[in-house]
Structures are given as C-alpha cells and as structure tokens.
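Fold and geometry: a report
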Amino acid sequence: MKKEKKSKKLTGKEVRDSKKESKKKNLNEEKKSGTVEKKSKTSDIQPTAAVDRTTVKKLIVDSANLYQNILVLPQNFNVSSRSYSLFPSELKALDMIGHFPEINLTQLANKIGISKSAISKCTSKLLEKSLIKKEKSAVNTREVVFTLSEDGQSIFSQLGSAHTDLFKPVNEVIENLSSQEIDELQRIFSDFYSSLNEILDRREI
C-alpha cells in the first residue's frame, strides 16, 4: 500500500512538471511569432511638466549673449603691486607681441586681422600702461618695432590660464556632467553649430 501511495505522488509531480514544460514551450513559440507583448518600462511614467520649447530657445539665446558680453569685458591682472585692466583688443595685441618679439605695426595688424589705425590705438594704450616698448629695428633703423616690458611679459605668461580662470564656474559644471550627459550635449550643440553655419552660408551668398 505504501509503495502504491508513493507511486501516486511521483505521478502527480510528473504532471506538474509536464504542465510547466508545456507552458514554457508555448511561451517560447509566442515569442518567436511575435505575439507576446513586451512590458513598457515608461508606460506608467507621466511627465512632471509640459516641454516648454520657447523657454529653452530663449535660454540658449540668452546664454550666447551673456557669453559674448563676458568676452568683451576687460580682465584684471596684478603685477608688481600694480593692477592692470586690459580689454580683449589690448590682450590680443600684447599676446601677439609676446609671440613675435620685434614685430612692426603692419605685421601686427595683419596677424590680428584688424586695420592699422585700430592696432595703433591698442599699442598706444599698451605704451601708456608701460606694458610694451617701442624701439627701432636692429635690421632696419627706419622701422619701429614692439617688444614686451617686464610687466607686459609677466601678464603674457598669465594669458594661458586667464581664459580658464575666467570661465571656471562653467568648467566646473561641465566636469560634473556624466558621460551620457556629455554625449547628449555634444550631439545637441553639434546640431546647433551646423544650423548656425547654414544660416551664415545663406547670408554670404
């Protein structure tokens, strides 16, 4: 009697296993035929607020305008217990003279890409601040060339880090972004860049 009872239990287990196997087989067949619906991970997630494209566009334009406004502001440098406030045009001239000592006015204007009258005003301001020196060329005594003064050389050596220091808050925001956020920003701004170039090309035609 005990053996028969045990045999019945085994038979019941086999039935259950058979049902499980059959169910699994049917599920696999449904997956293959594409009849099984996949559960959506975002189906229950509702947006907290409507996407405001107008606000985003305004934010982009305002940010670009702020960036341009910052670029035209003078930068302050402390050298030898003195403080110098230099505008971008003055910094460009000082930087170029630092890279090309004994450069003349015409060469300086050509390298920066501005008129001789404009570069003449920049060099005059730098001479007034004693950041550059004007002297006769060793090659051509009739030609006047520019070199950096001691304080000018000191500011020139700071120019490499000046731009980084100026935009330190922006750089910190970028550093704290995840790799995924960086990739997405790069994609978005690449599209913006292409669009802006397209607008520029149309205006130049």
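Everything below is about the structure shown above.
A brief structural summary. Worth saying up front: this structure is predicted, and the values here are computed from it rather than measured. (Residues numbered from 1 in each chain as written. Predicted model: local features only at pLDDT ≥ 70, side-chain atom pairs only at ≥ 80, totals over all residues. Heavy atoms only, no water.)

1. Some remarks on the side chain of Thr123
Rules: Here a strand is any run of E in DSSP of at least two residues, a helix any run of H or I of at least four, and the numbering for each starts at the N terminus. Whether two residues are in contact is decided by their heavy atoms: any pair within 4.5 Å suffices.
Looking at where Thr123 falls in the secondary structure, it is placed in helix H5 (residues 116-128). The residues touching Thr123, leaving out its near neighbours within four places in the chain, are Leu105, Leu108, Ile132 and Phe146.

2. Some words on the environment of Glu90
Rules: Within 3.5 Å is the distance limit for a polar contact, defined as a pair of N or O atoms, with the added protein rule that one can donate a hydrogen and the other accept it, and that residues adjacent in sequence qualify only through two side-chain atoms.
When you line up the elements, Glu90 lands in helix H3 (residues 88-99). Here the alpha-carbon distance between Glu90 and Leu126, two residues 36 residues apart in the chain, equals 6.9 Å. Non-local contacts of Glu90, meaning those with residues more than four positions away in its chain, are made with Ser85, Cys122, Lys125, Leu126 and Lys129. There is a polar contact of 2.9 Å between the side chain of Glu90 and the backbone nitrogen of Phe87.

3. Looking at unusual backbone geometry
Operational definition: The buried label applies to any residue whose accessible area, calculated with a 1.4 Å probe on protein chains only, is under 20% of its type's maximum; exposed applies above 50%, and partly exposed to all values in between.
In this structure, Ser81 takes a positive phi of about 65° despite not being glycine. Mapped onto the elements, Ser81 comes out in the loop between strand S1 (75-79) and strand S2 (82-86). The phi angle at Ser130 is positive, at roughly 60°, despite the residue not being glycine. Within the element layout of this structure, Ser130 appears in the loop between H5 and strand S4 (132-136). Since its relative accessible area comes to 41%, Ser130 is described here as partly exposed.

4. Re the nonpolar core
Using the following cut-off: Only buried residues count toward a nonpolar core, which is a set of Ala, Val, Leu, Ile, Met, Phe, Trp, Tyr and Cys residues joined through side-chain atoms within 4.5 Å.
Formed by 23 residues in total, the largest nonpolar core has its most connected members in Leu86, Leu94 and Ile155. When residues of this core are traced back to their parent elements, those giving at least two are S1, S2, H3, helix H4 (105-112), H5, strand S5 (144-148) and helix H6 (150-166). Take this core: its biggest share by element is five residues, from H3. Residues within four places of Leu86 in sequence aside, it is in contact with Pro74, Gln75, Phe77, Leu91, Leu126, Lys129, Leu131 and Ile155.

5. Thoughts on the packing of aromatic side chains
To be explicit about the condition: Pairing of aromatic side chains here covers Phe, Tyr and the six-membered ring of Trp, requires ring centres within 6.5 Å, and sorts the geometry by plane angle: under 30 degrees stacked, over 60 edge-to-face, intermediate tilted.
All chains considered together, the criterion is met by two aromatic pairs. Relative to Phe167, the ring of Tyr67 has its centre 5.2 Å away and its plane inclined at 35°; by these criteria the two rings are tilted. Taken together, the residues span a long stretch of sequence, with Tyr67 in helix H2 (residues 53-71) and Phe167 in the loop between H6 and helix H7 (168-175) at a distance of 100 residues. The class of Tyr67 is partly exposed, set by a relative accessible area of 37%.

6. Structural notes on the pairing of S1
Rules: At least two bridges found by DSSP between two strands is the condition for calling them paired.
Burial along S1 is one-sided: the face carrying Gln75, Phe77 and Val79 is buried and the face carrying Asn76 and Asn78 is not. Here S1 pairs with S2 via five bridges, running antiparallel. The residue bridging Asn78 from the neighbouring strand is Ser83, located in S2. Between S1 and S2, which pair antiparallel and follow one another directly, the connecting turn spans two residues, one of which, Ser80, has a positive phi of 50°.

7. Focus: the sheet that holds S5
The strands making up a sheet are joined through hydrogen bonds of the backbone, oriented either antiparallel or parallel. Here three strands make up an open sheet; going across it, the order is S3-S5-S4 and the pairing antiparallel. Two strands close off the open sheet at either side, each with one partner strand: strand S3 (103-104) and S4. Note: S3 against S5, two bridges, orientation antiparallel. Paired with Asn104 across the strands is Val145, a residue of S5.

8. A word on a nonpolar patch on the surface
Defined as follows: Only residues whose relative accessible area exceeds 30% and that form no salt bridge are eligible for patches; like-charged ones are grouped when within 9 Å, while nonpolar side chains (Val, Leu, Ile, Met, Phe, Trp, Tyr) are grouped when within 5 Å. Here the Shrake-Rupley method, with its probe set to 1.4 Å, supplies the accessible areas, and only the displayed protein chains count as covering residues. One speaks of a salt bridge when a side-chain nitrogen belonging to Lys or Arg is within 4 Å of a carboxyl oxygen belonging to Asp or Glu.
Residues Val56, Ile60, Leu185, Phe189 and Phe192 make up a contiguous nonpolar surface patch of roughly 400 Å² in combined accessible area. For the nonpolar patch, the elements supplying multiple residues, two or more each, are H2 and helix H8 (179-204). At three residues, the largest contribution of residues to the nonpolar patch is made by H8. With respect to the helices, strands and loops of the structure, Phe189 is situated in helix H8.

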